[in-house]
Amino acid sequence: MNRYINTFIWVIIIIGLGAIGYFAYTQLSNDFVYENTDTTNPVLVYNDENAVGDNVVDDTVVDTTTTPSSVVPVTTTTPTPTTTTTPPTTATIPEKYAALGAKIEKLITEYGGTMKVGSKGTRVGTVQEFLNIYNKTSDPVDNVYGEGTSAKIKAFQTAEKLASADGQAGPGTFKAMIEWLKKQS
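Residues numbered from 1 in each chain as written. Predicted model: local features only at pLDDT ≥ 70, side-chain atom pairs only at ≥ 80, totals over all residues. Heavy atoms only, no water.

1. A look at the overall build of the protein
Moving on, step 1. For the protein, the helix and strand inventory stands at five helices and five strands.
Moving on, step 2. Within the protein, contacts between residues at least 6 apart in sequence are counted, and of these 51% link residues at least 24 apart.
Moving on, step 3. A total accessible area of about 12,000 Å² is found for the protein, and carbon and sulfur atoms account for 59% of it. (Helix = DSSP H or I, 4+ residues; strand = E, 2+ residues; numbered from the N terminus. Contact = heavy atoms within 4.5 Å. Areas by Shrake-Rupley, 256 points an atom, 1.4 Å probe, with all protein chains shown as cover.)

2. Side note on the packing of aromatic side chains
Moving on, step 1. Counted by the stated rule, this structure contains five aromatic pairs.
Moving on, step 2. For the ring pair Phe 130 and Tyr 134, a centre distance of 5.8 Å and an interplane angle of 20° mean the geometry is stacked. On the criterion of helical spacing, the pair formed by Phe 130 and Tyr 134 is a turn pair, its members being four residues apart in helix 3 (residues 122–135). There is no split in this pair, since Phe 130 and Tyr 134 are both buried.
Moving on, step 3. Between Tyr 134 and Phe 156, the ring centres sit 4.8 Å apart and the planes meet at 85°, which makes this aromatic pair edge-to-face. With Tyr 134 in helix 3 and Phe 156 in helix 4 (residues 147–159), this residue pair connects regions lying 22 residues apart in the sequence. A single burial state applies to Tyr 134 and to Phe 156, both of which are buried.
Moving on, step 4. Here the aromatic cluster, defined as three or more aromatic residues joined through ring pairs, consists of Phe 130, Tyr 134, Phe 156 and Trp 180. (Phe/Tyr/Trp six-rings, centres within 6.5 Å; stacked < 30°, edge-to-face > 60°. Buried < 20%, exposed > 50% of the residue type's maximum accessible area, 1.4 Å probe, protein only.)

3. Here's the deal with the confidence of the model for the protein
Moving on, step 1. Looking at the protein as a whole, its pLDDT mean stands at 75, while 63% of the residues score no less than 70.
Moving on, step 2. Mean pLDDT in the protein bottoms out at strand 3 (residues 56–57), which sits at 38, and peaks at helix 4, which reaches 94. (pLDDT = per-residue confidence, 0-100.)

4. What to know about a nonpolar patch on the surface
Moving on, step 1. A contiguous nonpolar patch, built from Met 1, Ile 5, Phe 8, Ile 9, Trp 10, Ile 12, Ile 13, Leu 17 and Ile 20 and spanning about 1,000 Å² of accessible area, is present on the exposed surface.
Moving on, step 2. Note on placement: Ile 12 falls in helix 1 (residues 2–29).
Moving on, step 3. The exposure class of Ile 12 is partly exposed, given its relative accessible area of 46%. (Patch = residues over 30% accessible without salt bridge, like charges linked within 9 Å, V, L, I, M, F, W, Y side chains within 5 Å. Salt bridge = Lys/Arg side-chain N within 4 Å of Asp/Glu carboxyl O.)

5. What to know about the side chain of Thr 149
Moving on, step 1. Along the chain, Thr 149 turns up in helix 4.
Moving on, step 2. In this structure Thr 149 touches Gln 128, Leu 131 and Val 144, once residues within four positions along its chain are discounted.

6. Digging into the pattern of salt bridges
Moving on, step 1. Under the definition given, this model contains three salt bridges.
Moving on, step 2. We note a salt bridge from Lys 152 to Asp 139, for which the minimum N-O separation is 2.3 Å. Taken together, the positions of Lys 152 in helix 4 and Asp 139 in the loop between helix 3 and helix 4 put the pair 13 residues apart, joining distant regions of the chain.
Moving on, step 3. With a relative accessible area of 28%, Lys 152 lands in the partly exposed category.
Moving on, step 4. Taking the shortest distance from any N to any O, the salt bridge between Lys 182 and Glu 179 comes out at 3.5 Å. Here Lys 182 and its partner Glu 179 are both found in helix 5 (residues 171–182), three residues apart, which amounts to about one turn of the helix.
Moving on, step 5. Taking relative accessible area as the criterion, Lys 182 reaches 17% and is therefore assigned buried.

As structure tokens, then:
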């Protein structure tokens, strides 16, 4: 009987560690990106506007765990983009929305994925920031793609007559967001 209890406990521990590892991976995988376009020495950074800061110097990462003079070069590979870039159009985004437009452009050119309920990270925050401007609201930007964000995206997709109004934000929705920003004055 004792043998079965011990086996059961070990199974529970292994399942728990697996769940913790999966949760950590999903949390971190959305928040780290390759920051620069230099393919010979890209820098993997936390995807937050203020995260790059003092730890990146001339495409190298300063090792802050030892003396400030030690510099560790980053040797990683740049992921291949899965989408093509959109050709520039004659209309431009008004200056007051330029920073947001640049973030949304980055979602198209570098992210290339689709956000749906359960997605998390600063990319989701960019979508929520756009939705606040589009809906003329000041809802909190919590970087979590929940049911509310999904409903607002679906309403945007319907209003902008996108082919798919499914509440998921992907490259087509991002392009529509940019086009909407260009029409603002």
